[in-house]
Amino acid sequence: MVYLTCLCPTEVNSVNCNTSWKITLFMDYKENQDDILKGGDVVRLFHAEQEKFLTGDDYKKRQHVFLRTTGRTLATAATCSKALWEIEVVHHDPCRGGAGHWNSLFRFKHLATGHYLAAEVDNDTAPDQMRSKLRGQNGLAVYNLVSVPHGHDIASIFELDPTTLTRGDSLVPQSSYVRLRHLCTNTWAHSTSIPIDKDEDKPIMCKVGCASIKEDKEAFAIVPVSALEVRDLDFANDSSKVLGSISEKLEKSSITQNERRFVSQLLRDVIFFVGAQVDTLEYEFAKPDRERQKLLREQNILKQIFKILQAPFKDTGGNGAMLKMEELGETRQAPFRHICRLCYRILKISQNDYRKNQVP
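For clarity, every value in this text was computed on a predicted model and none was experimentally measured.

Okay, unusual backbone geometry next. Residues other than glycine seldom take positive phi values, yet Lys-60 does so here, at roughly 55°. Look at Lys-60 and you get exposed, because its relative accessible area is 57%. Located in the positive-phi region is Asn-186, a residue other than glycine, with phi close to 55°. Relative to the helices and strands, Asn-186 resides in the loop between β11 (177-182) and β12 (187-195). Taking relative accessible area as the criterion, Asn-186 reaches 41% and is therefore assigned partly exposed.

Now the structure itself:
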């Protein structure tokens, strides 16, 4: 990652230190209003009738889009980092962004994976009352919302339909209630009671369908997300990818000395990220940030931590493990012992007063 800093009115240079610059697609300065929906804004989509957030997640090694059921009394409090979507306003010029109008076209980029919201034909024959109602008497084809890896796919374009009477060329308020119309299939998104995770004891992933008939109550509330929450997700997501890469190198015994130093620093950063304000290996620590504890689980950082602890002792290539347990106390293994201590520190902090992160 590089940052831009302006040295004079006509020159911008790239530097490696943090600055307040942010690169976005071109937007007229008049459109840069806090209460207007713009390209680059990150939001949650909350289904008003079902009281569930539109979420993207992996299930059985495949990405799915669904309305997530929660057991919480207050459904709006059941926030998840996998329910964050970045708004893209579609123009003929791919270098333009800007404010969204009601007659604009939109894409929704899933922030955690980089995939895009789209729709495809759904041949699922599972019975559903809402789907049967909106299919119509002619037995028209029905669709469901899916995740696609590329934004240039025409199936990823949507329109926003207001729930109140308004002009098509007016700006979309950032906190609006909208219905989603899929442009390519000319269908409207709607909730279903069809579970995606039907093999689970308590299914929580409800399929989102698309049908030709519009139902007024199938509306989503656009819920703005703070810049701090977006930055936290970026850090957790990037950290998970790096730790995953390190665990693979440990399994193959191909990690370098510089990479060991780097992962040690990253693990210290994760400890401070969750809430430790003292030395990273001190027993006493400040009360961890609960939302950041949740990020460690949702973005698979805890999963990668366990892999790092296991990887050096696994024989994956038939040539023996990189490290034997009895060798761990040797002086030459001090760098890896330090990595292990940092990993256990993260596991301890992540579970502090947080039942969902506790290992059974």
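With respect to the secondary-structure elements, Arg-107 resides in strand β7 (residues 105-110). Glu-88 provides the closest opposite charge to the buried, unpaired Arg-107, separated from it by 4.7 Å. A polar contact is formed between the side chain of Arg-107 and the backbone oxygen of Gly-151, at a distance of 2.4 Å. Within the local environment of Arg-107, its side chain forms a polar contact with the side chain of Ser-156, the two groups lying 3.0 Å apart.

Glancing now at the pattern of salt bridges. Opposite charge on two side chains makes pairing possible when the charged atoms of those side chains draw close. One pass over the full model with this rule turns up 18 salt bridges. The partner of Asp-57 in a salt bridge is Lys-82, with the nearest N and O atoms 3.0 Å apart. Of this pair, Asp-57 sits in strand β4 (residues 52-58) while Lys-82 is found in the loop between β5 (63-68) and β6 (85-90), placing the two residues 25 residues apart along the sequence. Since its relative accessible area comes to 22%, Asp-57 is described here as partly exposed. A relative accessible area of 15% places Lys-82 in the buried class. Each of Asp-122, Asp-124, Arg-131 and Lys-207 takes part in a single network of salt bridges with overlapping partners.

Another aspect to go through is the pairing of strand β3 (residues 42-47). Two faces make up the sheet, and in a regular strand the side chains alternate between them. Among the six residues of β3, six are classified as buried, and the element is accordingly described as predominantly covered. Side chains Val-42, Arg-44 and Phe-46 of β3 all project onto a buried face; the interleaved residues Val-43, Leu-45 and His-47 project onto the opposite face, where all are buried too. Note that β3 and β6 share two bridges and pair antiparallel. Pairing of Val-43 across the sheet is with Trp-85, part of β6. Two elements, β3 and strand β14 (residues 220-224), share five bridges in a ladder whose sense is antiparallel. If you follow Arg-44 over to β14, its bridge partner there is Val-223. Note that β3 and β4 share two bridges and pair antiparallel. Looking at β4, one finds that His-47 is bridged to Lys-52.

Cut-offs and rules
Along each chain, the written sequence defines residue order, and numbers are assigned to residues from 1. Restriction of local features to residues with pLDDT of at least 70 applies here, the model being predicted, together with a cutoff of 80 or more for giving and counting side-chain atom pairs; totals for whole chains, interfaces and linings are based on all residues. Only hydrogens and water are set aside; all other atoms, that is, all heavy atoms of the structure, feed into the side-chain values. Throughout this description, buried means an accessible area under 20% of the type-specific maximum (1.4 Å probe, protein chains only), exposed means over 50%, and partly exposed covers the range between. Numbering of helices and strands runs from the N terminus, with a helix taken as a DSSP run of H or I at least four residues long and a strand as a DSSP run of E at least two residues long. Charged-residue counts in this description rest on Lys and Arg as positive and Asp and Glu as negative, His and the chain ends being excluded. Salt bridges are defined as contacts in which a side-chain nitrogen from Lys or Arg sits within 4 Å of a carboxyl oxygen from Asp or Glu. Identification of polar contacts relies on pairs of N or O atoms within 3.5 Å, with a donor-acceptor requirement for protein atoms, meaning one able to donate a hydrogen and the other able to accept it, and with residues adjacent in sequence counted only if both atoms are side-chain atoms. Pairing between strands is defined by DSSP: at least two bridges between the two strands are required.

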